[in-house]
Amino acid sequence: MTLRFDKRTLLASTGFALASLMTVGAASAQTEVRWMHIEANAAYLAVWESLVEQYNAENPDVNVTMTFLENEAFKARLPTLLQSDAAPHLFYSWGGGVLRAQAETGQLMDLTDAMMENDGEWANSYTPASLGGLTFDDRIWAVPYQMGTVSFFYNRDIFDDVGINSEDLTDWESFLDAVEQIKDAGYVPIAVGGGERWPVHFYWSYLAMRIGGQEVVDNAKTGAGEGFRHPAFVRTGEELARLGALDPFQPGYLAATWPQTLGYFGDGNAAMILSFQNTHPQQANNAADGQGLSQDQLGRFPFPSVEGGDGLVTDTLGGLDGWAVSAGAPPETLDFLKWFTNEENQRIMAQNRMIIPVAVGAEDGVEDPLMLESALQLGASTWHQNYFDQDFGPSLGRVINDISVEIVSDNMSPEQSVQMLEDEFMLQ
Amino acid sequence: MTSGIQALANTVGQKIRENSRPVRHDRPIGPARWPVIILFLPPALMLFTLFVIMPIGEAAWYSMYNWTGYGRPENFVGTRNFEVLFRNNAFRLALWNTGLIMLVSIVIQVPLALWLAMLLARKMPGVVGFRLIFFLPYVLADVAAGLIWRFVYDGDYGLFAALFGFFGLDSPHVLADRNVAIYAVLAVVVWKYFGFHMMLFIAGLQAIDRNLLEAADIDGASGWQKFRYVTLPLLGSTVRLSIFFAIIGSLQLFDVVMPLTGGGPSNSTETIVTFLYSYGVMRMQIGFGSAAGVVLFVICVVLAFTYKRVLMRND
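Parameters at a glance
Residues numbered from 1 in each chain as written. Chains lettered and ligands numbered in written order. Predicted model: local features only at pLDDT ≥ 70, side-chain atom pairs only at ≥ 80, totals over all residues. Heavy atoms only, no water. Helix = DSSP H or I, 4+ residues; strand = E, 2+ residues; numbered from the N terminus. Contact = heavy atoms within 4.5 Å. Areas by Shrake-Rupley, 256 points an atom, 1.4 Å probe, with all protein chains shown as cover. Lys, Arg positive; Asp, Glu negative; His and termini not counted. Charge placed at Lys NZ, Arg CZ, Asp CG, Glu CD. Rg over C-alpha atoms; globule rule 2.2 N^0.38 Å. Buried < 20%, exposed > 50% of the residue type's maximum accessible area, 1.4 Å probe, protein only. Pairing = 2+ DSSP bridges. UniProt positions renumbered as here; feature names shortened; annotations may be inferred. Phe/Tyr/Trp six-rings, centres within 6.5 Å; stacked < 30°, edge-to-face > 60°. Domains from an automatic or database assignment. Buried area = accessible area lost by both parts, 1.4 Å probe. Core = buried A, V, L, I, M, F, W, Y, C linked by side-chain atoms within 4.5 Å. Salt bridge = Lys/Arg side-chain N within 4 Å of Asp/Glu carboxyl O. Axes fitted to C-alpha atoms, helices over the stretch in contact; angles between N-to-C directions. Parallel < 35°, antiparallel > 145°, perpendicular 65-115°, else oblique. Left-handed = near helix turned anticlockwise from the far one by under 90°.

Asker: How do you make sense of the overall build of chain B when you look at a structure like this?
Answerer: A tally of regular secondary structure across chain B gives 13 helices and 0 strands. Its helices and strands in sequence order give chain B the pattern α-α-α-α-α-α-α-α-α-α-α-α-α, from N to C terminus. With respect to the three principal axes, the spread of C-alpha positions in chain B is 80 × 70 × 35 Å. Sequence-distant contacts in chain B: of pairs separated by 6 or more residues, those separated by 24 or more amount to 69%. Looking at chain B as shown, the accessible area adds up to about 17,700 Å², and 68% of this sits on carbon and sulfur atoms. Side chains of chain B give 24 positive and 17 negative charges; the mean places of these two sets differ by 9 Å.

Asker: Where do I start with the overall build of chain A in this structure?
Answerer: Tallying secondary structure elements over chain A gives 18 helices and 14 strands in all. Its C-alpha atoms give chain A a radius of gyration of 24 Å, within 12% of the compact-globule value 22 Å for 428 residues. With respect to the three principal axes, the spread of C-alpha positions in chain A is 80 × 55 × 50 Å. Buried positions account for 55% of the 428 residues belonging to chain A. Looking at chain A alone, contacts between residues at least 24 apart form 75% of all its contacts between residues at least 6 apart. As displayed, chain A has an accessible area near 18,000 Å², and 52% of this comes from carbon and sulfur atoms. Treating the 21 positive side-chain charges of chain A as one cloud and the 60 negative ones as another, the clouds have centres 9 Å apart.

Asker: How should I be thinking about the sheet that holds strand E1 (residues 31–37) of chain A in this particular structure?
Answerer: Pairing between the strands of a sheet comes from backbone hydrogen bonds, and it takes one of two forms, parallel or antiparallel. Residues and elements named next belong to chain A. If you walk across this open sheet you meet the 6 strands as E2-E1-E3-E12-E6-E13, and the pairing is mixed. The sheet is open, and its two edges are formed by strand E2 (62–68) and strand E13 (356–357), each paired on a single side. Examined bridge by bridge, strand E6 (residues 143–147) and strand E12 (residues 320–325) share 4 bridges and lie antiparallel to one another. Across the sheet, the residue bridging to proline 144 is glycine 322, located in E12.

Asker: Is there a simple way to think about the UniProt feature "domain: ABC transmembrane type-1" (unreviewed entry) in chain B in this case?
Answerer: Within this numbering scheme, the UniProt entry marks residues 95–307 of chain B as carrying the feature "domain: ABC transmembrane type-1" (unreviewed entry). Helix makes up 75% of residues 95–307 of chain B and strand 0%, with an end-to-end C-alpha separation of 19 Å.

Asker: Looking at this structure, I do not really get the pairing of strand E10 (residues 298–301) of chain A. What am I missing?
Answerer: It is a general feature of regular strands that their side chains alternate between the two faces of the sheet. Residues and elements named next belong to chain A. Side-chain alternation along E10 places Leu298 and Arg300 on one buried face and Gly299 and Phe301 on a second face that is also buried. Strand direction decides the pairing type here: strand E7 (residues 151–155) and E10, joined by 4 bridges, are antiparallel. Counterpart to asparagine 155 in the pairing with E10 is leucine 298.

Asker: Is there a simple way to explain the packing of aromatic side chains in this structure?
Answerer: The relation between two aromatic rings is expressed through the spacing of the ring centres and the mutual angle of the planes. Residue and element names in this part refer to chain A. Per the stated rule, a full pass over the model turns up 66 aromatic pairs over all chains. Judged by centre distance (6.1 Å) and plane angle (70°), the ring pair of tyrosine 203 and phenylalanine 249 falls under edge-to-face. Remark: phenylalanine 249 occurs in the loop between helix H10 (231–245) and helix H11 (258–266) and tyrosine 203 occurs in helix H9 (residues 198–222); sequence separation between them is 46 residues. Relative accessible area serves as the criterion here: at 5%, phenylalanine 249 is assigned to the buried category. Among the aromatic residues, those joined into a ring-pair cluster are Trp35, Trp48, Tyr55, Phe74, Phe91, Tyr92, Trp94, Tyr145, Trp323, Phe336, Trp339 and Phe340.

Asker: What's the story with the domain arrangement of chain A in this structure? I'm lost.
Answerer: Residues and elements named next belong to chain A. Domain annotation of chain A identifies domain 1 (32–146 + 320–379) and domain 2 (151–317 + 393–427). Each of domain 1 and domain 2 was reduced to a C-alpha centroid, and the two centroids are 28 Å apart. Residue-level contacts link 18 residues of domain 1 with 18 residues of domain 2. Counting the surface lost from both domain 1 and domain 2, the interface buries some 1,500 Å², and carbon and sulfur atoms represent 49% of this.

Asker: How do you make sense of the nonpolar core when you look at a structure like this?
Answerer: In globular proteins that are soluble, nonpolar side chains generally tend to be buried together. Residue and element names in this part refer to chain A. Counting residues in hydrophobic clusters, the biggest one holds 156 residues, and the most contacted among them are Phe175, Tyr203, Trp204, Leu243, Met272 and Phe340. When residues in this core are grouped by element, the largest group, 13 residues, is from H9. Taken domain by domain, this core gets at least three of its residues from each of domain 1 (32–146 + 320–379) and domain 2 (151–317 + 393–427). Dropping the residues within four chain positions of it, methionine 272 is found in contact with Phe152, Phe153, Tyr154, Phe159, Phe175, Val179, Ile182, Pro189, Ile190, Ala191, Phe265 and Phe301.

Asker: I tried to follow the UniProt feature "transmembrane region" (unreviewed entry) in chain B on my own but got confused; where do I start?
Answerer: The UniProt entry lists residues 34–57, 94–120, 132–152, 180–208, 229–254 and 286–307 of chain B under the feature "transmembrane region" (unreviewed entry), expressed in the numbering used here. Along residues 34–57 of chain B one finds 100% helix and 0% strand; the C-alpha atoms at either end are 30 Å apart.

Asker: Explain the interface of chain A and chain B here, please?
Answerer: Interface size is commonly expressed as the accessible surface area that is lost when the partners come together. Taken together, the contact between chain A and chain B spans 34 residues of the former and 27 residues of the latter. Between chain A and chain B, the buried area comes to about 2,400 Å², and carbon and sulfur atoms account for 52% of it. Contact with chain B buries surface across chain A, with A:Arg197, A:Leu254 and A:Leu427 losing the most and accounting together for 20% of the total. Applying the counting criterion to the chain A and chain B interface returns 1 salt bridge. Measuring nitrogen to oxygen at the nearest pair gives 2.8 Å for the salt bridge that ties B:Arg283 to A:Asp402.

Asker: How do you make sense of the packing of helix H9 (residues 210–218) of chain B against helix H10 (residues 223–252) of chain B when you look at a structure like this?
Answerer: Helix-helix packing is described using two parameters, namely the angle between the two axes and the distance between the axes. All names here are of chain B. Between H9 and H10, the least distance of the axes is 10 Å, while the angle of their chain directions is 170°. Our classification of the angle between H9 and H10 gives roughly antiparallel. When you trace H9 past H10, the crossing you get is right-handed. Across from Leu212, Leu213, Ala216 and Asp217 in H9, the residues of H10 making contact are Lys226, Val230, Thr231 and Leu234.

Asker: For this particular structure, what's the right way to read unusual backbone geometry?
Answerer: Most peptide bonds are trans, and most residues other than glycine sit at a negative phi. Backbone torsion omega between B:Gly264 and B:Pro265 reads -10°, so that peptide bond is classified as cis. Its place among the elements puts B:Pro265 in the loop between helix H11 (257–260) and helix H12 (272–281). In the Ramachandran plot, A:Asp410 falls in the positive-phi region, its phi being about 60° despite a non-glycine side chain. Note on placement: A:Asp410 falls in the loop between helix H17 (394–408) and helix H18 (414–427).

Asker: Even after reading the chapter, I still don't get the sheet that holds E7(A), so can you show me in this structure?
Answerer: Residues and elements named next belong to chain A. Taken in spatial order, the 4 strands line up as E8-E9-E7-E10 in an open sheet, and their pairing is mixed. For this open sheet the edge positions go to strand E8 (188–191) and E10, each flanked by a neighbour on one side alone. Pairwise comparison of adjacent strand axes, ignoring direction, gives a mean angle of 25° for this sheet. Across 3 bridges, the pairing between E8 and strand E9 (residues 270–275) is parallel. Its bridge partner lying in E9, valine 188 is registered against alanine 270. The strands touched by H11 are E7, E8, E9 and E10; relative to E9, the strand with the most contacts, the crossing angle is about 140°. Where helix H15 (residues 369–379) meets the sheet, its contacts fall on E7 and E10, and the angle it forms with E10 comes to roughly 5°.

Asker: Got a minute to help me understand the pattern of salt bridges in this structure?
Answerer: Close approach of charged atoms allows side chains of opposite charge to pair. Residues and elements named next belong to chain A. Inspection of every chain in the model, using the stated rule, returns 19 salt bridges over all chains. With a closest N to O distance of 3.8 Å, aspartate 247 and lysine 183 form a salt bridge. On the criterion of sequence distance, the pair formed by aspartate 247 in the loop between H10 and H11 and lysine 183 in helix H8 (residues 172–184) is long-range, its members being 64 residues apart. The partly exposed category is assigned to lysine 183, whose relative accessible area is 34%. A salt bridge links arginine 300 to glutamate 373, with the nearest nitrogen and oxygen atoms 3.3 Å apart. Here arginine 300 is found in strand E10, whereas its partner glutamate 373 is found in helix H15, with 73 residues between them in sequence. Classification of glutamate 373 as partly exposed rests on a relative accessible area of 34%. Here the residues in one salt-bridge network are Glu173, Arg235, Glu239 and Arg242, joined through shared partners.

Have a look at this one:
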């Protein structure tokens, strides 16, 4: 093949090249702050975008740009991205073992000094629990963004029809009874996203917390004491298997994604879902009609306690999310983050049913009654545990996801599951 | 009559031998050709080294470390990653599934493609349209095809739900059933790639000398005899090439499976590459994932070279 350039094409391409060079030149007069996010909800995104627009307008020398990566793709690409020149300056973090692993590699900016300036003015603008959760060995590794708690949401119409009162479901036995009753009445008791595995690990996590209590879970994390050999973990598997034996989930749950599951619940097909604090807007978002269940049709109750267990019903499982900053980020990144998570902006996001805020004083922004219930539960939490699949680090966390699905679908015995956890722990 | 066909078969055999006689390039590399080599070899060699040789070497190196992917690999563990890999049930399942995909590709997909190619290689009205339709799945992006089939198989809102609902039946959830999901994936694989093999065969069929088929007609050969003694032998090299592509494609299968099942439920649809991704990349165990990559590489090399040496040596 031969290429022929006539004068015109040559001129045009030279012109184009020059023009692109000039654009780059103009842009580099501003400092670019690259923000990588995983938010797929258009309504939430619109709020962020308007905030970014406002910030960019108020700070002409800074240009905050947003890039989207899908959740799983984000987790897969982050290690490579962080070590490249194209590293995002700020990105989402679920805290826990994953954040710690990132911090240990030296790819993250240590935020301690910046946040502790002026007697900790910036640090003190957040609730102590949220800041503490993102601190390892007295160094702060992420700016707090939101706290959340996982709890049961239920469809009031179905509960009324079957004759179940959510206030009676405070212990595991009555919960299992209720599941049976709902099933006998011809409803699907629980919607779960088994295809993505982690929605099932909420059950395993809560059972381990209710049965073992804080000390046992902490020991498993560090390998202290009996670690995963503690009898509580076999019992956790046994109780989860009992639930699975009732066949409580929607048909085809092993292939269901999380959005599908929220939609299934939102369409009124299942009585319960174990889910995040923002389930009300999210089920509406994923329902077939875009409306889902209304405020009056939705109820909420905490994960029940287990008889003979050492955990309390007031112990909470949930997120403690923040924004991590990469080591090479420009200082403007911190200025943006400080502004983005200030009281006023957190209140705006809370009012939009996006978050339970972590900025002191912004809690009054939570207006959604169900979200408020979650916030109150968090406020009274006796022990807040981060998601197991984040807290136990990327590989052990995924094994917890795997075994949860295997146990509940009767493909693995509780003893085998403990063996798998131990094997994986040894490999760390 | 039979002897006529026999004679024809001999002619065909001779033709094949003529075509496949190895040609040797024994021209010595004289001084006149050095400038060409010096000028044109380095760029290609450099690219090949950079993008093929080095990653292979790096994977082999990483596979002996316990490494998260951050910083430099420092925690040397020897062959531990390989030991853990071969004890891993999910990996054994992935090996088994990859073998199954290969088998189905060869035993179902290639014959199906050949049969359709026989129908569509003729000059008939509408033939081009059918070729296009059958080739379409291959043109579709793998991820898009996976998502489409995920919807087709969906037992709540998908095509299956509608189909079964029409007959008043409860739809099965094929992708959620450990024992069935892999067959659902296999069906998609056959659907997705048979068009490619069909096109290869059509090209091969069109290159066959029509005189031979006419001679067979005159000898009174039946349709099957013409296929068995004329078409198939002359198509031999295309069939061998097609099977070669089917094997390599099966070993690399990834993009269709990820959106379809993600390797689940319970790893029942995991292939070697989805295993590598889910257990290596997603779990930040790059060393372990590299070990899986090295095993895949060895399987590929052994299969490809054996196949080329044994079956394609004359092609």
